[in-house]
Amino acid sequence: QVQLVESGGGLVQPGGSLRLSCAASGFTFSLAFMSWYRQAPGKERELVAGINLIGNPNYADSVKGRFTISRDNAKNTVLLQMNSLKPEDTAVYYCYGRVAGVSYWGQGTQVTVSS
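Bear in mind that the values here come from a model prediction, so they are computed numbers and not experimental data. (Residues numbered from 1 in each chain as written. Predicted model: local features only at pLDDT ≥ 70, side-chain atom pairs only at ≥ 80, totals over all residues. Heavy atoms only, no water.)

A. Summary view of the sheet that holds strand β7 (residues 67-72). Spatially, four strands are ordered β1-β3-β8-β7 in an open sheet, and the strand pairing comes out antiparallel. The open sheet has two free edges, formed respectively by β1 (3-7) and β7, since each of these has just one partner strand. Strand-to-strand, the axes of this sheet are offset by a mean angle of 15 degrees, without reference to chain direction. In the sheet, β1 pairs with strand β3 (residues 18-25) via five bridges, with the strands oriented antiparallel. For L4, the partnering residue across the bridge sits in β3 and is A24. (Pairing = 2+ DSSP bridges. Helix = DSSP H or I, 4+ residues; strand = E, 2+ residues; numbered from the N terminus. Axes fitted to C-alpha atoms, helices over the stretch in contact; angles between N-to-C directions.)

Structural data, given as structure tokens:
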């Protein structure tokens, strides 16, 4: 059974920080490309950050310098550290994994940035 389980979402004030976690199981995590997407109401789902098998990250321009993606293959976990949060970061954040040509999605976790 393949599972991607996100945690760490919540309500935070502008300028604050959150750390999202994604716990993966049911596939060979070390062989997977992992990423975070987000989707705000009325908007398309967009790629926030991705990380490949050797740990090279990539980021959307809107989050560069504020967000950091990392992975711990020993723990089958992907993290998204979000700093200097802005109201426009408000969205449901989804963990995504791709391995052996198959895509997997987490259930999503809500992030709300509001004063």
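B. The state of the cysteines, seen in detail. According to the stated counting rule, one finds one disulfide in the structure shown. Sulfur-sulfur distance for the disulfide between C22 and C95 comes to 2.0 Å. The S-S bond linking C22 to C95 shows a torsion near -80 degrees; that makes this disulfide left-handed. Note that C22 is positioned in strand β3 and C95 in strand β9 (residues 91-99), a separation of 73 residues in sequence. (Disulfide = S-S within 2.5 Å.)

Note that all results are geometric; they support no functional claim without further evidence.
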